[in-house]
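Here are the chains, one letter per residue:
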Amino acid sequence: STETTWERPSSVPGTPKSPPANSPSVLTVNGYHISGTPVHQLDSGHMSLRKASGDPQSQGSPAAPRRQSKESSLTVNCVTFPHPDVMPEQQLLKPSEWSYCDYFWADKKDSQGNNTVSGFEILLQKQLKGKQTQKEMAEFIRERIKIEEEYAKNLSKLSQNSLAAQEEGTLGEAWAQLKKSLADEAEVHLKFSSKLQSEVEKPLLNFRENFKKDMKKCDHHIADLRKQLASRYAAVEKARKALTERQKDLEMKTQQFEVKLSNKTEEEIKKARRKSTQAGDDLMRCVDLYNQAQSKWFEEMVTTTLELERLEVERVEMIRQHLCQYTQLRHETDMFNQSTVELVDQLLRKVDPAKDRELWVKEHKTGDIRPVDMEI
């Protein structure tokens, strides 16, 4: 009779339900009351959890087990939940969000459909996949850095090429500046690759270096709590069965004594009653231990899933910021590259074939007299 019943989280993913306008400030979720805070403001920092009180135990009588009807309840992971047909409007811990703490209480079949995976394990797999994706992004940036370094090296080498060095005049000046701009551009790309390494690649690699180790500890902790909960649940069922057998034995002996169909003495009946009472006490103790384990598991599940959710938000935001830094560096590189050819453009606009011819003639002329026609 002191067994705690949890309300069942929403079984079918759908649009999170907003609480009714006239809903009370006390929210009951999975056998706990969360009070003192509006529903839409709940988070792990100010959730007040306390166990729902059970019915008082009748004094002077064995603890009789009380089962919920099969039509009104179901058991998931050794925890009793109201049937969805009985409570279709299950309140969520965070009704305005698709939060981890509301949708990962039950198990799910794996991709092959053979084994089941716990909801918490699914969250851990997502976190580890995110860590791997983050590492691959860093590898991608590393390849980009290599390309930039090789490109800068080739540009610098090309700028030192002596081809067409004999060009003279204003066009020669423009050509010489074009070659010099390659050296300037090589320097720009070299700086770009250096900043990519320090401001994008390195932070991606160093973010949460011990993440996998921390997740492993978290996984073991939740798994141990779940095993303990399953063990407590089995002990409750065993004690419940024992109590039922003791009660049947006591009832049979009492009936036989009353109709004098047996030589059972009143002392034997008292002994059977003591065994029945002891079985009831054992059941109460097992239920209390089960409720403690259930309370601990629930609190750890809520706290840990909210923490995993916070870490995921932090990871996504971190990657977004560094990719924005990448695009910013890319824009700056384009701007600097453009500045390297501006002087080339200016010199090309000043190219004057007539002036070049004049300068060349002045430098290379052999004489300024012209032939005249011969007279007869």
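Reading the values: rules and limits
Residues numbered from 1 in each chain as written. Predicted model: local features only at pLDDT ≥ 70, side-chain atom pairs only at ≥ 80, totals over all residues. Heavy atoms only, no water. Core = buried A, V, L, I, M, F, W, Y, C linked by side-chain atoms within 4.5 Å. Buried < 20%, exposed > 50% of the residue type's maximum accessible area, 1.4 Å probe, protein only. Helix = DSSP H or I, 4+ residues; strand = E, 2+ residues; numbered from the N terminus. Contact = heavy atoms within 4.5 Å. Salt bridge = Lys/Arg side-chain N within 4 Å of Asp/Glu carboxyl O. Axes fitted to C-alpha atoms, helices over the stretch in contact; angles between N-to-C directions. Parallel < 35°, antiparallel > 145°, perpendicular 65-115°, else oblique. Nonpolar A, V, L, I, M, F, W, Y, C, P; charged D, E, K, R; others polar. Phe/Tyr/Trp six-rings, centres within 6.5 Å; stacked < 30°, edge-to-face > 60°.

For the protein chain, the name recorded in an unreviewed UniProt entry is GAS7 protein, with Syrrhaptes paradoxus as its organism.

F120, W297 and L308 are the most contacted members of the largest nonpolar core, which has 31 residues in total. Of all the elements, helix α5 (residues 266-349) adds the most residues to this core, at 13 residues. Excluding its chain neighbours within four sequence positions, the residues that come into contact with F120 are F104, C218, D219, I222, M301, T304, T305 and L308. Formed by 12 residues, the second largest nonpolar core is a distinct cluster that contains I141, I145, L196 and F207.

For the rest of this paragraph, the subject is the pattern of salt bridges. Per the counting criterion, the structure on display carries 17 salt bridges. A salt bridge links R320 to E317; the nearest nitrogen and oxygen atoms lie 2.8 Å apart. Within this pair, R320 and its partner E317 are both found in helix α5, separated by 3 residues, close to a single helical turn. Several salt bridges converge on common partners, so that one network encompasses K94, E97 and E309.

The next thing to look at is the packing of helix α2 (residues 119-159) against helix α4 (residues 211-258). One can describe the packing of α2 onto α4 by two numbers: an axis separation of 11 Å at closest approach and a directional angle of 175°. By the angle between their axes, α2 is roughly antiparallel relative to α4. Contacts from F120, E121, L124, Q127, L128 and K131 in α2 reach F211, K212, M215, C218, D219 and I222 in α4. Among the residues making up the contact of α2 with α4, the classes are represented as 7 nonpolar, 1 polar and 4 charged.

Let us now look at the packing of aromatic side chains. Taken as a whole and assessed by the stated rule, the structure comprises 6 aromatic pairs. With 5.4 Å between their ring centres and 15° between their planes, W105 and F298 make a pair best called stacked. Residue W105 is found in the loop between α1 (100-103) and β5 (107-109), and its partner F298 is found in helix α5; the two are separated by 193 residues along the sequence. Both residues of the pair, W105 and F298, count as buried.

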